[in-house]
Amino acid sequence: MKHLLILMFLLSFVVVGCGGGGATGASETKEVAECATEAESMSEDALKATIANYQTAIAVKTQEARALLVEMAKNGRSEELTDKAAKIDGSLTALRERAEVYFKAGAKKFGNL
């Protein structure tokens, strides 16, 4: 469990740090309209890299959710864990919305990515 949390922590830095060559790191806070505008001017490779960054961020958040479920099963529900779960859910929703924008733009411009 401890190793999983360390791995998730390190992966979050990788995801945020990715973004060279026109690709964008995954962001939960970037406006969806800004993502759409940005995606319109991206190359196919940059879109693929950006989508991959979002997929990685979503996978990390999903692992956080799974670890939290295990913790809740062991220790029971608490207000703190419930709040953490809500934050993770909000993050996942935001990441998926933005990833979909890039994916649709890529599909429209280049066909299947």
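Just above sits the structure.
Residues numbered from 1 in each chain as written. Predicted model: local features only at pLDDT ≥ 70, side-chain atom pairs only at ≥ 80, totals over all residues. Heavy atoms only, no water.

K.L.:
How should the nonpolar core be read in this particular structure?
P.N.:
By size, the foremost hydrophobic cluster in this structure holds 20 residues, and its most contacted members are Tyr 54, Leu 95 and Tyr 102. Of all the secondary structure elements, the ones that give two or more residues to this core are α2 (32-40), α3 (44-75) and α4 (79-110). The contact partners of Tyr 102, leaving out residues within four places of it in the chain, are Thr 24, Lys 30, Cys 35, Glu 38, Ala 39, Met 42, Leu 47, Thr 50, Ile 51 and Tyr 54. (Core = buried A, V, L, I, M, F, W, Y, C linked by side-chain atoms within 4.5 Å. Buried < 20%, exposed > 50% of the residue type's maximum accessible area, 1.4 Å probe, protein only. Helix = DSSP H or I, 4+ residues; strand = E, 2+ residues; numbered from the N terminus. Contact = heavy atoms within 4.5 Å.)

K.L.:
Just checking my understanding: could you explain the packing of α3 against α4 for this structure?
P.N.:
The relative placement of two packed helices comes down to the angle between their axes together with the axis-to-axis distance. Running from N to C, α3 and α4 point in directions that differ by 160°, and their axes come no closer than 9 Å. In this view, α3 runs roughly antiparallel relative to α4, as classed from their interaxial angle. In this structure, the crossing between α3 and α4 has a hand that is left-handed. Residue classes in the contact of α3 with α4 are distributed as 18 nonpolar, five polar and seven charged. (Axes fitted to C-alpha atoms, helices over the stretch in contact; angles between N-to-C directions. Parallel < 35°, antiparallel > 145°, perpendicular 65-115°, else oblique. Left-handed = near helix turned anticlockwise from the far one by under 90°. Nonpolar A, V, L, I, M, F, W, Y, C, P; charged D, E, K, R; others polar.)

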